[in-house]
Amino acid sequence: MAIERTFSIIKPDAVRRNLIGKILTKFEDAGLRPIALKKIHMTRARAEGFYGVHKDRPFFGELVEQMIASPVVVQVLEGEGAILKNRDVMGATNPANAAEGTIRKEFALSIGENSVHGSDAPETAAREIKFFFNDDELVG
Ligand code: ADP
Ligand code: MG
């Protein structure tokens, strides 16, 4: 399988509970390498733009409020089959359905406050990386 890059967010609920290190360990243990990362506090416009694909969903307003409530960590993860691997390590969107050992099973509070975001396909990974990082920030 090819080396890929994917985009990941450690969401406000997890950052507030001081779980950055525990979550990074899950990614690193799975062979995903953070090649760029930064802590930011998203503006409303940025969060609405990022989640634009969900703007007609009933949970959109709540999702944006949660994402701007406090800082997040945005990062680029690199590794073999990184896009699917990241989704595996994250677990299902609803923590009630997430497999044992996944981030969401262990840390998520609810379907909305589910601790991590991860790109779902190569095109979204490329778009989402560009949304938060300049090329010269991807230091490998
Ligand atoms: P994922 O993050 O697993 O890719 P989606 O792309 O479907 O999931 O949804 C984006 C985010 O929107 C989820 O991670 C979660 O924070 C929120 N969300 C999704 N579905 C719901 C829901 N039914 N109720 C509340 N929030 C939701
Ligand atoms: Mg998604």
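Just so you know, these numbers come straight off a predicted model, no measurement behind them.

**Q** Which parts of the structure should I look at to understand the overall build of the protein chain?
**A** For the protein chain, the count of helices and strands is 7 helices and 4 strands. Along its sequence from the N terminus, the protein chain presents helices and strands in the succession β-α-α-β-α-α-β-α-α-β-α. Compactness check: the protein chain gives a C-alpha radius of gyration of 14 Å against a globular reference of 14 Å for 140 residues, within 12% of the reference. The C-alpha extent of the protein chain, read off along each of the three principal axes, is 35 × 35 × 25 Å. Counting over 140 residues, the protein chain shows a buried share of 46%. Contacts spanning at least 24 positions in sequence make up 77% of the contacts within the protein chain whose residues lie at least 6 apart. Just so you have it, the protein chain exposes about 7200 Å², and 52% of that area is on carbon and sulfur atoms. One finds the centroid of the 19 positive side-chain charges in the protein chain at a distance of 3 Å from the centroid of its 20 negative side-chain charges.

**Q** Would you mind showing me how to read the site of ligand 1 here?
**A** In the vicinity of ligand 1, the residues found are Lys 11, His 54, Phe 59, Leu 63, Arg 87, Thr 93, Arg 104, Ile 111, Gly 112 and Asn 114. Separating an oxygen atom of ligand 1 from a side-chain N or O atom of Lys 11 is a distance of 2.9 Å. Separating an oxygen atom of ligand 1 from a backbone N or O atom of Gly 112 is a distance of 2.8 Å. Considered on its own, ligand 1 offers 530 Å² of accessible surface; in the complex 80% of this is hidden by protein. Tallied by class, residues from the shell around ligand 1 come to 3 nonpolar, 4 polar and 3 charged.

**Q** Please explain the pairing of strand β1 (residues 3–10) as it appears in this structure.
**A** Relative to strand β3 (residues 72–80), β1 runs antiparallel, the two sharing 8 bridges. The residue bridging Thr 6 from the neighbouring strand is Leu 77, located in β3. Sheet topology note: the β1/strand β4 (residues 116–118) ladder contains 3 bridges and is antiparallel. In the sheet register, Ile 9 faces β4, and the bridge partner there is His 117.

**Q** How should helix α4 (residues 60–68) be read in this particular structure?
**A** The periodicity of an α-helix, 3.6 residues per turn, causes residues three or four places apart in sequence to face the same way. Of the positions making up α4, those classed as buried are Phe 60, Leu 63, Val 64, Gln 66, Met 67 and Ile 68. Close packing links the buried residues of α4 with β1, α1 (12–16), α3 (44–50) and β3.

**Q** Explanation requested: the side chain of Thr 6 in the structure shown.
**A** You can see Thr 6 is positioned in strand β1. In this structure, Thr 6 is in contact with Gln 75, Val 76, Leu 77, Ala 82, Ile 83, Asn 86, Ser 119, Ala 125 and Ile 129, ignoring residues within four places of it in sequence.

**Q** When you look at the nonpolar core in this model, what are you seeing that I'm missing?
**A** What tends to happen in soluble globular proteins is that the nonpolar side chains get buried as a cluster. Core analysis: the biggest nonpolar cluster contains 21 residues, and Phe 7, Ile 9, Met 42, Met 67, Val 74, Phe 132 and Phe 133 have the highest contact counts within it. When contributions to this core are tallied by element, the ones reaching two or more residues are β1, β2 (33–40), α3, α4, β3 and α7 (122–132). Counting residues per element, this core draws most heavily on α4, which supplies 5 residues. If near-sequence neighbours (up to four positions away) are discounted, Phe 7 is found in contact with Phe 50, Val 74, Gln 75, Asn 86, His 117, Gly 118, Ser 119, Ala 125, Glu 128, Ile 129, Phe 132 and Phe 133. Listed in part, the 16 residues of the second largest apolar core include Ala 14, Leu 24, Leu 32 and Phe 107.

**Q** What is the right way to look at the pattern of salt bridges in this model?
**A** Should the charged atoms of two oppositely charged side chains come close, the side chains can pair. Tallying each qualifying case throughout the model produces 8 salt bridges. A salt bridge links Glu 78 to Arg 5; the shortest N-O distance between them is 2.8 Å. Of this pair, Glu 78 sits in strand β3 while Arg 5 sits in strand β1, and the two are 73 residues apart along the sequence. Residue Glu 100 is joined to Lys 105 by a salt bridge in which the shortest nitrogen-to-oxygen separation is 3.7 Å. For Glu 100, a relative accessible area of 68% corresponds to the exposed category.

What counts and how
- Starting afresh in each chain, residues are numbered from 1 along the sequence in its written order.
- Here the convention is simple: chains get letters from A, ligands get numbers from 1, in the order in which they are written.
- This being a predicted model, a pLDDT of at least 70 is required before a residue's local features are given, and a value of 80 or more before pairs of side-chain atoms are given or counted; all residues contribute to the totals for chains, interfaces and linings.
- Side-chain metrics rest on all non-hydrogen atoms present in the structure, leaving aside hydrogens and water.
- Going along the chain from the N terminus, every DSSP run of H or I of four or more residues is numbered as a helix, and every run of E of two or more is numbered as a strand.
- Radius of gyration here uses only the C-alpha atoms, and the compact-globule reference equals 2.2 Å multiplied by the residue count raised to the power 0.38.
- Here's how the labels work: a residue is buried when its accessible area is under 20% of the maximum for its type, exposed when over 50%, partly exposed in between, all with a 1.4 Å probe on protein chains only.
- Contacts were defined at the residue level, with two residues in contact if any of their heavy atoms lie within 4.5 Å.
- The accessible surface values rely on the Shrake-Rupley method and a 1.4 Å probe; as for residues, cover is taken only from the protein chains in view.
- Within this scheme the basic residues Lys and Arg register as positive and the acidic residues Asp and Glu register as negative, but His and the chain ends are omitted.
- The atom standing in for a charge is NZ when the residue is Lys, CZ when it is Arg, CG when it is Asp and CD when it is Glu.
- One heavy atom within 4 Å of a molecule or strand makes the whole residue count as near it.
- Between N or O atoms, a polar contact is any pair within 3.5 Å; within protein, one atom must be a potential hydrogen donor and the other a potential acceptor, and residues adjacent in sequence are included only when both atoms are from side chains.
- Three residue categories are used. Nonpolar comprises Ala, Val, Leu, Ile, Met, Phe, Trp, Tyr, Cys and Pro, charged comprises Asp, Glu, Lys and Arg, and polar comprises the others, including Gly.
- At least two DSSP bridges between two strands are required for those strands to pair.
- Joining through side-chain atoms within 4.5 Å is the link that ties buried Ala, Val, Leu, Ile, Met, Phe, Trp, Tyr and Cys residues into a set, and such a set is a nonpolar core.
- Throughout this description, the term salt bridge denotes a Lys or Arg side-chain nitrogen within 4 Å of a carboxyl oxygen of Asp or Glu.

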